[in-house]
Structures are given as structure tokens and as C-alpha cells.
Amino acid sequence: MNFKFFNFIQKYKNTPVALAVSGGADSMVLMHWYAISKLPAVILHVNHNLRPESNIEAEYVKNEAEKLGLKCEILNWDGKKITSGIEAAARTARYKLMINWCKKNNISTLMTAHQADDQIETFLMNLKRGSGVYGLGGIRAEIEHDGVIITRPLLNIFRADLENWCDLNNIKYFKDSMNDDERFTRVKIRKNRYVLKSSLGIDDERILLAIENLSRARDAL
């Protein structure tokens, strides 16, 4: 287990916690590391019912959670599906379902598996929009939303390292087919981000450093 992660979650050891687990490598690591830490948590998996494999993924997450001794709740998005803006709509529905469940069950903290690549992609998306310091400060490690604290303990760990940990420990994870769909801006950025380093010498660590500096400026403001 990553020591930065372990030190981060100590803050929540006396707090009711729910973990958002999609079945991807990032969230599978979040669930396994939390189980290794021996701290109590409930797993929340949102089934958006958007892809044929959604039910298979939901069942897998539930089974893996139970193997680790963790309770798992499957939350189904049964609302009207749309054909445009689906990424944003799914994200909104996902948070609404999880936060409502947390509030009903007296869970004060929701942990998500956003990691360093998500942080950089969000920064570049906001840069494309011409955002100021509030947008360029990136994803917050902790923020209150509708009475629930949302916290992200993996923001300084890269996706490749999380996938490698899964592979080394024979932990199966799913790759969302939508992550290869270049109709989404985030996917375009993900697939072309390497140009910043290969052509301009701007590596990921420098981008993360810039985000940290902007985040501190945002907090000061």
C-alpha cells in the first residue's frame, strides 16, 4: 500500500466512510488499500445501465467487496437517458445517488478514486476553456457537497501505477469503452497529452506542481 494514501486516510479513521467503486483500476485499488488498512467502510457502486456489461461489472464489484469483508450497495440510475452531454449527466446522477445514500445512512464522508491523470486532464480541460485560478487549481482533495465531505486520496498517484499494482496482485479491473471515445474532450486530451512532454518538454510532474501552486493561490483567495 502507498504510504501517502495510508497517511491521508488516517484523518478519517473515526469517521463513517463510503468508497465510490466503479470497477476500474483506480477504484479497485482504493477498495483494496482501504481494506488492507483495516478501517471500516461501505462500498457504493453506481450502475448507470448505459452499457451491456454494466450488470456484470456491478456484480463483480459486489463480490470483490464481500471477499474483502466490506458491505456493498448497488445504486441504479433509472432516470431518462440522453444522447448528448451523457458524460456530464452520468456524473451528476452518480454523485446525486451516492450523496443521497450517504445522507440517508448517516455517512459523512465519500471517497472517490480520482488520481493524478484525472487531475492533469481536468486542468487541461479548464485551460482549454480559459478558466481562471479557481478552475486551474484542479480537483480539490477535499470538498463539502450537500452536507457530505467528498475526499480524494489518490490525487498524487498516476493511473499507470494503480494499474500496475492491480496487475502485480492479480486483481481484475474493467476498462470503460467510453474512455476510448474521442467524442469526449477528456479522451482527446488523454490520448494526446504525451505531445506536451515529447515536443515541448512539459512533463506530468511539472503540470502537477503548477496545479498545486494554483490550488494554494485559490485557497488563499
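Just above sits the structure.
A short tour of the structure in this document, coming up. (Residues numbered from 1 in each chain as written. Predicted model: local features only at pLDDT ≥ 70, side-chain atom pairs only at ≥ 80, totals over all residues. Heavy atoms only, no water.)

Observations regarding the packing of aromatic side chains
This model, assessed by the stated rule, comprises four aromatic pairs. Here the aromatic rings of Phe8 and Tyr12 are separated by 6.0 Å at their centres, their planes lie at 35 degrees, and the arrangement is tilted. In this structure Phe8 comes out as partly exposed when scored by relative accessible area, which is 26%. Owing to a relative accessible area of 5%, Tyr12 belongs among the buried residues under this scheme. When the centroid spacing of 5.3 Å and the interplanar angle of 80 degrees are considered together, the rings of Tyr60 and Phe174 count as edge-to-face. Linking Tyr60 in helix α3 (residues 54-67) with Phe174 in the loop between α7 (159-168) and α8 (185-192), this pair joins segments that are 114 residues apart in sequence. Tyr60 gets classed as buried once you look at its relative accessible area, which sits at 14%. Site record: aromatic cluster; members linked through ring pairs are Phe5, Trp33 and Trp165. Residue placement shows Lys172 over the ring face of Tyr60; its charged tip is 5.3 Å from the ring centre. (Phe/Tyr/Trp six-rings, centres within 6.5 Å; stacked < 30°, edge-to-face > 60°. Buried < 20%, exposed > 50% of the residue type's maximum accessible area, 1.4 Å probe, protein only. Helix = DSSP H or I, 4+ residues; strand = E, 2+ residues; numbered from the N terminus. Lys NZ or Arg CZ within 6 Å of the ring centre and 35° of its normal.)

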